[in-house]
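Geometric and topological summary
Spelled out, the chains give:
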Amino acid sequence: MAIGVFSTTAAGTGNSGETLVTEALKEHYKPERIKEMVYKNNPLMALMPKYESFGGENMPIPIIVSGPQRRSATFADGQANNQSTSSLKQFLLTRVRDYSFASITHEAIRASQGNADAFVRYATMEIDGAIHSLKRSMAVSMYRDGSGSIGVQTSASDPGGAKLITLATPEDISNFEVGMKIVLAATATGALLSNVGTKEIDSVDRSAGTFTVKVNLHGDADAGDHIFQLGDAHAGASFKKMRGLDAWLPSSAPTAGDSFFGVDRSTDATRLSGSRFDGSSLPIEEALIEGLSLAARNGGTPSHVFMHFKNYSQLEKALGSKVQYNKVSSSDAEVGFTSLTIHGPAGTVDVIPDVNCPADVAYGLQLDTWSINSLGSAPQILDLDGSNMLRESTADAYEVRCGFYGNMACTAPGWNVRIAL
């Protein structure tokens, strides 16, 4: 726990030119620069519209499921017998929280006394790392279901006292880092495996889609177990992460009893939980066209398709000499992305690779129906008291805190499509 506010002079040029460390950091980490850092290499996060005034306990997201059906070719039936009003549903969006921390030693601050530039260069190494960690967490969550699961193990073995875990989807290895502490559960929302406990990742083989942990798991982890970073897991209690595309556009249509932000989506599964198309047996370009056609039939005009780099390269090779490229940019930061274009039934669509997207699934999105809703900037340096840095109570160091409060929302799920590749 951090206590106190660091507001003493760490650099200066005499009594008339004094500069506080906090002011130097505020100048360095302006909101525009943080956005540029966060959006780089995260196209879905960069391109999705933002709403940064998500206050109150929740935010109603109304959905018109169907219009009034009080009509008939017969006047009497239309007026008196076909009694009907618009069918409305309302998602009650709630916020989740995500945090990241940077620690800067007091010695480093003292060593840079009189040289604010030297301090900022040192501090940014740690603070940039904290922002990077938080942006990766948010970017991955935008594609997931909110449970906190970032991978599923397909097998485990014990080489020389460490534990080697092989991921069912090798591409998910991008979600794991050396030093990350993980926990496991048998299902995405089930209780944590207490006999496994918390393990720290010791090494990562990104080519093989495997990693080892420092302490032997003693055979307690099984194939099919879900993996979470410590503190993120649903664990049979609540969703702690953003409800991303896998929640808003699930792979299977919701059934009776579903409760998604207070709505049973089974009453009209397509309009309330999106379109689904299984194109796994088709050539990739045909799968995309068929999926986009389904969304168009349901009233949507998808403007973008997001997929993993693995599938993007497959599409690029399949199109061959017919491939056409485009450049798409974020509206609130100077960050751009290269896309290839395909012609769908509702117009030209930009196909964009995103390392955060799970492999073998593509999302055809009408982006103007989506938003990241947050309480303040997403993410932000937590400095409501005016200080970027807080003294740590158990270390000779100062702490910088980064945070996010918010969630994703969609005003017309049925105009978007999930495509299995």
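In the block above lies the structure referred to throughout.
Cut-off values and rules
- Residues numbered from 1 in each chain as written.
- Predicted model: local features only at pLDDT ≥ 70, side-chain atom pairs only at ≥ 80, totals over all residues.
- Heavy atoms only, no water.
- Pairing = 2+ DSSP bridges.
- Helix = DSSP H or I, 4+ residues; strand = E, 2+ residues; numbered from the N terminus.
- Salt bridge = Lys/Arg side-chain N within 4 Å of Asp/Glu carboxyl O.
- Buried < 20%, exposed > 50% of the residue type's maximum accessible area, 1.4 Å probe, protein only.
- Contact = heavy atoms within 4.5 Å.
- Polar contact = N/O pair within 3.5 Å; in protein donor to acceptor, adjacent residues only side chain to side chain.
- Expected span 1.5 Å × (residues − 1).
- Arc of directions from axis to C-beta.

1. What about the pairing of strand β16 (residues 325–329)?
With five bridges connecting them, β16 and strand β17 (residues 336–344) associate as antiparallel partners. Looking across to β17, one finds that Ser329 is bridged to Gly336.

2. Observations regarding the pattern of salt bridges
On inspection of all chains with the given rule, the structure shows eleven salt bridges. In this structure, Glu171 and Lys310 form a salt bridge, with 3.9 Å as the shortest nitrogen-oxygen distance. Residue Glu171 is found in the loop between β9 (163–167) and β10 (181–185), and its partner Lys310 is found in helix α10 (residues 309–319); the two are separated by 139 residues along the sequence. Residue classification places Glu171 among the partly exposed positions, given a relative accessible area of 22%.

3. A look at the environment of Ser103
Here Ser103 lies in strand β7 (residues 96–105). Residue contacts for Ser103: discarding those within four places in its chain leaves Glu126, Glu392, Ala397 and Tyr398. A distance of 2.6 Å separates the side chain of Ser103 from the side chain of Glu392, its partner in a polar contact.

4. Here's the deal with helix α9 (residues 284–297)
Each α-helix turn comprises 3.6 residues. Residues three or four places apart therefore point the same way. Relative to the 20 Å expected for 14 residues at 1.5 Å per residue, α9 spans 20 Å between its end C-alpha atoms, a close match to the ideal helical length. Every buried residue of α9 is accounted for by Ile284, Ala287, Leu288, Gly291, Leu292, Leu294 and Ala295. Projected down its long axis, α9 shows its buried positions confined to an angular sector of 150°, all on one face. Downstream of α9 by a residue or two, Gly299 has a phi angle that is positive, lying close to 105°.

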